[in-house]
Amino acid sequence: MPVIDAHAYIGDSLFGQDRTVEALLVEMDRLGIEKAGLCPNKPPGYALGPANRLVAQAVRQHPDRFFGWVRVDPWQAERALDEMKAGFEELGLSGLLLHPYEELFQASSRMLDPLLSFAGQLKVPVMVEAGYALLSHPLDIAEVAHLHPETTFIATHGLQLDDAGFALTDAELAMRECPNIVMETSGMYAPDTMLNVVNTLGLERLIFGSHSPWLNLEFELERVQRMKLTDAQIAAVLGENLLGLLQRKLQEET
Amino acid sequence: MIYLDSHAHVDVVPALNWYDSAEKLVARMDKAGIRMAAISGYLNAPGPNPEGLKGIADAVAQYPDRLIGYARLDPWYDDRCVETLDAAVRDWGCRGVKLHPAHYTLYPFGQETVKLAHRAGELGLPMLFHCGDEIMCLPYQIDRLAEKCPNTTIILAHIGGFFSGEAALDVAERRPNVLVDTSEIPFPGMVRKAVDRLGAEKVLWGTDAPCCDIGHEIRKVELAGLTAGQERQLFCENFARLMGIPLEADDAGH
């Protein structure tokens, strides 16, 4: 099975996280990563439209190596919905990316409803940058997951970025309550919590992502490879599970 | 390489969903080749568990060559807290203090914590602070304590957490009595930045085990691009110096 990083940013970054497609490919080749889900960086000009098109261009140029996420700012309301639809229908992107921290909205906000409903109808996954204090706590993710049971949510960072460890319990609670949440592994420092997800909720509920270049791709890949799972289980987390989520657009291509 | 872990835990607290026995930690230390670890509990003393410090002492008694006890304390108890520290050293053999101010909700620079820090300094004990992205645990808050207590060694855990790393380095750079530890955060690059800004002698290696994977915490330092000498300082020499642990010349890889 291929190793697929669900969560790799490219493009010029307002936040100093610039990365070119070429640089990412070099790193993927070095580490044996066959494919990556490209996330558009928020560019210095703030405009997500061109960033989405940069991702789409990379996917067109390297369809065997990339798929893409369309990123929108929910504060743009109708324009966000239009951009998302264009991302799926015209740009060939495979899922919706929401970044509550960089676009400054709460992950449980009802203003997301049109976006999430549409993604649910299309059966494309929604990846939410999770764990940002007051914006995307695990139970914010659970709230929208309850409201949109037809939509699949990929919650990054093991749903939390709480170095005190208290939110780990909230993350497990959200995962238990909401079968439509999948946990992504980037920055997730508690392997026992991830093992609990696999062993009690299902292997398909955990996927590999790096959130590089903010996080270190090699370190994040090793995070999964080091888990106390069978080789077959690790292969599922590293790629197979994501393929299942992206089946409409990606399985046909692979 | 000899590995001395400056930040680990032993405690069983069902209410917080944490079940980390001494046996569990030492088994993981054995697997990862860790010689010794400093441990603290998850509850503060005096506090809801009067047996808490005894639990640390029991763990150290069970593994006297492997574990070093830190007293996790609650400065809200003021003089009684200072008395508890004295008893922890006298009766239970504790050799450091662990504080998590968000857990008891006090300003780190408040008079109660200053009093405790002065006493720790008199006893020659380091104070390990949970330091991250929570109010009461922020680097610039702990900075005010470090200024008031220059004779007390203060350790900022997690190099400030997911978002407060630069602030933690600011504080450790300007306060001779402030160190940082590398535990839990997913940033090999921040380890490198800490060494570059502070000097390797002010950076302790820690794991926050058993929550975090010990081997992965080692890899974080290995991926930081340090010299072999700097790695030795982080993995063993700095903590050995702090705790007075003798290292044979061969132990440190010389």
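Everything discussed here concerns the structure shown above.
Anyway, here's the lowdown on the structure attached to this text. For clarity, every value in this text was computed on a predicted model and none was experimentally measured. (Residues numbered from 1 in each chain as written. Chains lettered and ligands numbered in written order. Predicted model: local features only at pLDDT ≥ 70, side-chain atom pairs only at ≥ 80, totals over all residues.)

1. Focus on the packing of helix 7 (residues 167-177) of chain A against helix 8 (residues 191-201) of chain A
Residue and element names in this part refer to chain A. Here is the rule: To define axes, lines are fitted to C-alpha atoms, for helices over the stretch in contact only, and angles between the resulting N-to-C directions are given on a 0 to 180 degree scale. Numbering of helices and strands runs from the N terminus; a helix is a DSSP stretch of H or I covering at least four residues, while a strand is a stretch of E covering at least two. Geometric relationships in this document are graded by angle, where less than 35 degrees denotes roughly parallel, more than 145 denotes roughly antiparallel, 65 to 115 denotes roughly perpendicular, and other angles denote oblique. By definition, any crossing whose near helix is turned counterclockwise from its far helix by less than a right angle is left-handed, and any crossing with a clockwise turn is right-handed. In this description, a residue-residue contact is defined by the distance between C-beta atoms placed from the backbone, which must lie within 7 Å. When residues are grouped by polarity, Ala, Val, Leu, Ile, Met, Phe, Trp, Tyr, Cys and Pro land in nonpolar, Asp, Glu, Lys and Arg in charged, and all others, Gly among them, in polar.
Between helix 7 and helix 8, the least distance of the axes is 11 Å, while the angle of their chain directions is 20°. The orientation of helix 7 relative to helix 8 falls into the category roughly parallel. Between helix 7 and helix 8 the crossing geometry is right-handed. Mapping the contact onto sequence places Leu168, Ala171, Glu172, Met175 and Arg176 in helix 7 and Thr193, Asn196, Val197 and Leu201 in helix 8. Residues that form the contact of helix 7 with helix 8 fall into these classes: 5 nonpolar, 2 polar and 2 charged.

2. Details of the sheet that holds strand 8 (residues 206-207) of chain A
Residues and elements named next belong to chain A. Note the following rule: Here the rule is simple: two strands pair whenever DSSP picks up at least two bridges between them.
Pairing is parallel across the open sheet formed by 8 strands, whose spatial order is 1-2-3-4-5-6-7-8. The outermost strands of the open sheet, each flanked by one partner alone, are strand 1 (4-10) and strand 8. Where strand 7 (residues 181-184) meets strand 8, 2 bridges bridge the pair, whose relative direction is parallel. Its bridge partner lying in strand 8, Met183 is registered against Leu206.

3. Side note on unusual backbone geometry
Definition in use: Counting other C-beta atoms within 10 Å of a residue's C-beta gives its exposure: the residue is buried at 20 or more, exposed at 12 or fewer, and partly exposed in between, where C-beta atoms are placed from the backbone.
Here the residue pair Ser212(A) and Pro213(A) is connected by a cis peptide bond, since its omega of 5° sits within 30 degrees of zero. The residue Pro213(A) is located in the loop between strand 8 and helix 9 (217-225) in this model. The omega torsion of the bond from Ala209(B) to Pro210(B) falls at 5°, within 30 degrees of zero and hence cis. The topology assignment puts Pro210(B) in the loop between strand 10 (203-204) and helix 9 (214-222). Of note in this structure, Ala77(A) is not a glycine but carries a positive phi near 50°. Structurally, Ala77(A) can be placed in the loop between strand 3 (66-71) and helix 3 (78-89). Looking at Ala77(A), the number of C-beta atoms within 10 Å reads 12, which means it is exposed. The phi dihedral of His157(A) falls on the positive side, at around 60°, and the residue is not glycine.

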